Amino acid sequence: REFSGKPAYKIENAHLAPILDIDFNPNKPYACCTGGEDLNIRFWDIRKNSSYLCSFEEDSHWILSVKYNRYHDQLVLTSSSSTYVSLWRAAS
């Protein structure tokens, strides 16, 4: 098996600061969410990688992890540097 050494998908400037976590929707393989040091959780359709679909902003802390609920994919759990765990609802 040969690999091209090139990414299959690439989103330029996805966040304004480093991305700390990414998770793919377990029910929609083209959908993912990212979280990072810019305090944002962003939702993407990698088939349309020019812009994110929607974004939520944490008050003042980095998003350390993002995780889709495997049964209710409109729910995303995040943890942040504030020591909080938050449950977000985004239309899927």
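Residues numbered from 1 in each chain as written. Predicted model: local features only at pLDDT ≥ 70, side-chain atom pairs only at ≥ 80, totals over all residues. Heavy atoms only, no water.

Peer 1: Looking at this structure, how should I read unusual backbone geometry?
Peer 2: Leave glycine aside and you will find that most residues have negative phi; peptide bonds, for their part, are mostly trans. Phi at Leu39 is positive, roughly 75°, even though this residue is not glycine. Considering the arrangement of structural elements, one finds Leu39 in the loop between strand S2 (31-36) and strand S3 (40-45). Positive phi, close to 80°, is recorded for Thr83, a residue that is not glycine. Following the sequence through the fold, Thr83 ends up in the loop between strand S6 (75-80) and strand S7 (85-89). Classification of Thr83 as exposed rests on a relative accessible area of 73%. (Helix = DSSP H or I, 4+ residues; strand = E, 2+ residues; numbered from the N terminus. Buried < 20%, exposed > 50% of the residue type's maximum accessible area, 1.4 Å probe, protein only.)

Peer 1: How do you make sense of the pattern of salt bridges when you look at a structure like this?
Peer 2: When the charged atoms of two side chains lie near each other, side chains of opposite charge can form a pair. All chains considered together, the criterion is met by two salt bridges. Residue Asp23 pairs with Lys67 through a salt bridge whose shortest N-O separation is 4.0 Å. Separated by 44 residues along the polypeptide, Asp23 in strand S1 (residues 19-24) and Lys67 in strand S5 (residues 63-68) bring together distant segments of the chain. For Asp23, a relative accessible area of 13% puts it in the buried group. One salt bridge in this structure joins Asp45 and Arg47, with 2.7 Å as the shortest N-O distance. For Asp45, a relative accessible area of 6% puts it in the buried group. With relative accessibility at 53%, the residue Arg47 sits in the exposed group. (Salt bridge = Lys/Arg side-chain N within 4 Å of Asp/Glu carboxyl O.)

Scope: geometric values only; no functional claims are made or implied.
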